2 protein chains.
Amino acid sequence: MQFKEQSITYPPVHPGTDRTFIRYYDRNTDFSYVFFKDHSEQTPARIFVTDSNVAQTSLFQSFYHHFSSEAVLLKHTVEKSGNDTLIIVDPGESHKTIETVLSIISTALNCNAQRNTVFIGIGGGVICDMTAFAASIFKRGSRVELVPTTLLSMVDAAIGGKTGCDFDNYKNMIGTFFPAQKIHIFPAFIKSLSSEQFRSGLAEVVKTALLYNSDLFTILEQNRDRVFKQEESFIDNIIETCASAKSRIVEQDLTENNIRMQLNFGHTFGHALETCAGLGTVSHGDAVAWGIGRALALSKRLGLCPGEYEQRVVKMLSEYGWEIASVHSALKQQFTNTATYAQTLCEVMKKDKKNNSNRIRFILQKNITDTVIAEVEESDILAVLSHD
Amino acid sequence: MQFKEQSITYPPVHPGTDRTFIRYYDRNTDFSYVFFKDHSEQTPARIFVTDSNVAQTSLFQSFYHHFSSEAVLLKHTVEKSGNDTLIIVDPGESHKTIETVLSIISTALNCNAQRNTVFIGIGGGVICDMTAFAASIFKRGSRVELVPTTLLSMVDAAIGGKTGCDFDNYKNMIGTFFPAQKIHIFPAFIKSLSSEQFRSGLAEVVKTALLYNSDLFTILEQNRDRVFKQEESFIDNIIETCASAKSRIVEQDLTENNIRMQLNFGHTFGHALETCAGLGTVSHGDAVAWGIGRALALSKRLGLCPGEYEQRVVKMLSEYGWEIASVHSALKQQFTNTATYAQTLCEVMKKDKKNNSNRIRFILQKNITDTVIAEVEESDILAVLSHD
């Protein structure tokens, strides 16, 4: 066999995505002012994407008035104002599909959007992930900014350039790494969350604390009332602490080749639960909190962490109202047989993005902030899904 | 308004995509040997993607035998062999859709493909672009290698990391920049091309010559017979010359911020023709050759290039059998009114990915290998679409 070989090397892909600015605004900032104060017909066109839940929040109204005279009626899903376009999609995980992503792209195309058009996602993780995915494949990459409106997206989902949507009932199975140019954090949006949505975000806060900040975990243990009351400066500090912690990690490993994998603590079990229950049935945060419990049960079983540590975390999770039983109530009706339940979750975990073989890779802990990555025997996984 | 700001910087995205090896094999190399000689069950899984035209070529048969005992019957579109999977999709531009891309991803998912799975596209530009797009969004980025089987994809489409598919009847409207790790060039595949497919690839050869290699253009002018006879060493040299020229350009500007735009010479007009005629009606190469003629007519009209240069190129294009009339025969039935014809093509060009405003950007020439980029008044564009 004869061949000649030549090699080409490339500069970093997408010059516009090599830096992200995260802006933390105070609670009194007028959300719409930030986007319209300096805006003129000469600035590049913008495609705002949100969902109908966010569009109905009081904070959104001053923004919405830039587009429509009949603000809250939501008669149309696409509004134009000068070179700005507002797309309102249906809310929720069940709409985190390639069809929704393509509908954003189709609207952008009809608005003559160009590569310098900025796609701005205003919403929770679902909206942020889909908007950024659409921006990343539109004409092979335009620009994206994000306005996370849930606790979960402020402390986690919006930061770090992961984009995507669900596919074939698997979470985030397709997507890209395409960091936002700016992330605008308005903690005032927290007030618009249901207590369920708020709790979902808290699970990622707990995860961050266990991975990187034992003081924060102690604070969470000792201040449940301040958390549940959503005391403003207390919550705003937590948001900044968690967003900064995640930033430091993704800065070192954007495409998840090594330390970024730690951020999946609780997620391998959690994603499997979400998938088996049907996406959208169990909230992401509740699934992650349950997954953290399972990951620590597995850590204990493998002799990695002391039983006291596992018990401490389990106690905290229960006190905050999370379900921690090995057989999750959302799947009890579906699986009367515990063995089948465990086997099914196991099969789903094999499809997880982080595996490089048929063995399943888990993020486990020896103790708080002492994290390891390990491939685990199926028998051990089945054991912690069958009994505590 | 109060805010704090933090910035995160990233290392190059996708470490696996920072270098491409291009291998030029001689005509005697057994195509399947290259892929199976060192392969074992331990190496990462591979997803081969091809179309039913390529799968029926004689060169493909030894390869196909690794998968099926009933080689040429093509009873199934998905074949398994150990940890290898072969996907055969329908051929042609009309199948260059997000649905086909998603069907590749869906199959990969069912085969438990992981991030270290290699997607290997074997085919023309359509197969190479779609396979690489699927690989780039599967689990946020796996790996890709390409085996271009047409002259067009050997000299152009496979090189340079552009991936994607058509959308809403617009060419390559969605996609990513995601370079292949290896590009395997087997010139022996040239024999399997129809004369129409061969001519389509020649148009990109002519483009490369006009942009970067005036000697090559003279050779093409003087050796039409050797080209048409597809004299082996003569063609193999042309392939290597053109692939190398393109490599040098994309190496300097992968994401098309500056000099890579030159490679769109003839493509703005060409893409508009393809779109208006209905994708797949006029071959890409024929459209590009026609577009080169229009781009030079525009260059002459704007006083950029001497009439002699335009005439020299037009003469060569005609002698090679390309259509060069301002009103293309493929659209004559659709548009009896020349003004409407010109206006429609113009509207389509406004959606081109390379524009950053409503003005249309063209690649024009002052002379051979002397290229400029310019935004042009609509009246001038309309003029060169109405008469020569």
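The rules behind these values
- Residues numbered from 1 in each chain as written.
- Chains lettered and ligands numbered in written order.
- Predicted model: local features only at pLDDT ≥ 70, side-chain atom pairs only at ≥ 80, totals over all residues.
- Heavy atoms only, no water.
- pLDDT = per-residue confidence, 0-100.
- Contact = heavy atoms within 4.5 Å.
- Salt bridge = Lys/Arg side-chain N within 4 Å of Asp/Glu carboxyl O.
- Helix = DSSP H or I, 4+ residues; strand = E, 2+ residues; numbered from the N terminus.
- Buried < 20%, exposed > 50% of the residue type's maximum accessible area, 1.4 Å probe, protein only.
- Polar contact = N/O pair within 3.5 Å; in protein donor to acceptor, adjacent residues only side chain to side chain.
- Pairing = 2+ DSSP bridges.
- Right-handed = clockwise from strand over helix to strand, strands pointing away.
- Phe/Tyr/Trp six-rings, centres within 6.5 Å; stacked < 30°, edge-to-face > 60°.
- Axes fitted to C-alpha atoms, helices over the stretch in contact; angles between N-to-C directions.
- Parallel < 35°, antiparallel > 145°, perpendicular 65-115°, else oblique.
- Left-handed = near helix turned anticlockwise from the far one by under 90°.
- Expected span 1.5 Å × (residues − 1).

A. Fine view of the confidence of the model for chain A. Residues and elements named next belong to chain A. In the predicted model, chain A carries a mean pLDDT of 89, and 90% of its residues have values of at least 70. Here residues 69–76 scores under 50 on pLDDT; set against residues more than four positions off or in separate chains, the count is 13 contacts. Taken over the whole predicted complex, pTM reads 0.90, whereas the ipTM for its chain interfaces reads 0.88.

B. Fine view of the pattern of salt bridges. Here the structure, examined in full by the defined rule, presents 42 salt bridges over all chains. Note that Glu204(B) is salt-bridged to Lys207(B), the shortest N-O span being 2.9 Å. Placement of both Glu204(B) and Lys207(B) in helix α7 (residues 195–212) is noted, with a separation of three residues, approximately one turn of the helix. Each member of the pair, Glu204(B) as well as Lys207(B), carries the same accessibility label: buried. Lys350(B) is paired through a salt bridge with Glu378(B); the nearest N and O atoms lie 3.3 Å apart. Here Lys350(B), found in helix α14 (residues 338–350), pairs with Glu378(B), found in helix α15 (residues 378–386); they are 28 residues apart in sequence, far enough to count as distant. Taking relative accessible area as the criterion, Glu378(B) reaches 29% and is therefore assigned partly exposed. Taken together, the salt bridges that share partners define one network made up of Arg27(A), Lys191(A), Glu232(A) and Asp236(A).

C. View of the side chain of Thr208(A). All names here are of chain A. Tracing the sequence through the fold places threonine 208 in helix α7 (residues 195–212). With a relative accessible area of 9%, threonine 208 lands in the buried category. A polar contact is formed between the side chain of threonine 208 and the backbone oxygen of glutamate 204, at a distance of 2.8 Å. Sequence-distant contacts of threonine 208, defined by excluding residues within four places in its chain, comprise Asn213, Cys242 and Ala245.

D. A look at the pairing of strand β6 (residues 118–123) of chain A. Residues and elements named next belong to chain A. Burial within β6 is extensive, with six of its six residues counted as buried. The pairing of strand β3 (residues 46–51) with β6 spans five bridges and is classified as parallel. The residue of β6 that forms the bridge with valine 49 is glycine 121. Direction of pairing for β6 relative to strand β7 (residues 143–148): parallel, over a ladder of six bridges. Note on β7: the bridge partner recorded for glycine 123 is proline 148. Following the chain from β6 across helix α5 (residues 125–137) to the adjacent parallel β7, one finds a crossover that is right-handed.

E. Representation of the packing of aromatic side chains. Residues and elements named next belong to chain A. In the structure shown here, the tally under the stated rule is 46 aromatic pairs over all chains. Plain terms: the ring middles of phenylalanine 36 and phenylalanine 63 are 5.6 Å apart, the flat faces sit at 55° to each other, and that makes the pair tilted. Remark: phenylalanine 63 occurs in helix α3 (residues 61–64) and phenylalanine 36 occurs in helix α1 (residues 31–36); sequence separation between them is 27 residues. With respect to class, phenylalanine 36 is no different from phenylalanine 63; both count as buried.

F. Geometry of the packing of helix α12 (residues 284–301) of chain B against α15(B). All names here are of chain B. At a minimum axis separation of 10 Å, α12 and α15 run at an interaxial angle of 125°. Of the possible angle classes, the one that applies to α12 and α15 is oblique. Note that α12 runs across α15; the crossing there is right-handed. Of the residues in α15, those in contact with Trp290, Arg294, Ala297, Leu298 and Arg301 of α12 are Asp380, Ile381, Ala383, Val384 and Leu385.

G. Representation of helix α5 (residues 125–137) of chain B in the model. Residues and elements named next belong to chain B. Taking 1.5 Å per residue as the helical rise, α5 with its 13 residues ought to reach 18 Å, and the 18 Å between its terminal C-alpha atoms agrees with that figure. In terms of burial, α5 is largely enclosed, as 13 of its 13 residues are buried. Of the residues one or two after α5, lysine 139 is the one with positive phi, at around 50°.

H. Focus on unusual backbone geometry. Residue and element names in this part refer to chain A. Backbone geometry at lysine 139 places phi at a positive 50°, although glycine is not the residue there. Mapped onto the secondary structure, lysine 139 falls in the loop between α5 and β7. With phi around 60°, glutamate 256 is a residue other than glycine that occupies positive phi space. Secondary-structure assignment places glutamate 256 in the loop between α10 (232–252) and α11 (267–277). On the basis of relative accessible area, glutamate 256 is assigned to the buried category, the value being 3%.

I. Broad picture of the packing of α14(B) against α15(B). Residues and elements named next belong to chain B. The contact between α14 and α15 brings their axes to 9 Å, and the two run at 130°. Viewed along their axes, α14 and α15 adopt a mutual orientation that is oblique. Classified by chirality, the crossing of α15 by α14 is right-handed. Residues Thr338, Tyr341, Ala342, Gln343, Leu345, Cys346, Met349 and Lys350 of α14 form the contact with α15, whose participating residues are Glu378, Ile381, Leu382, Leu385 and Ser386.

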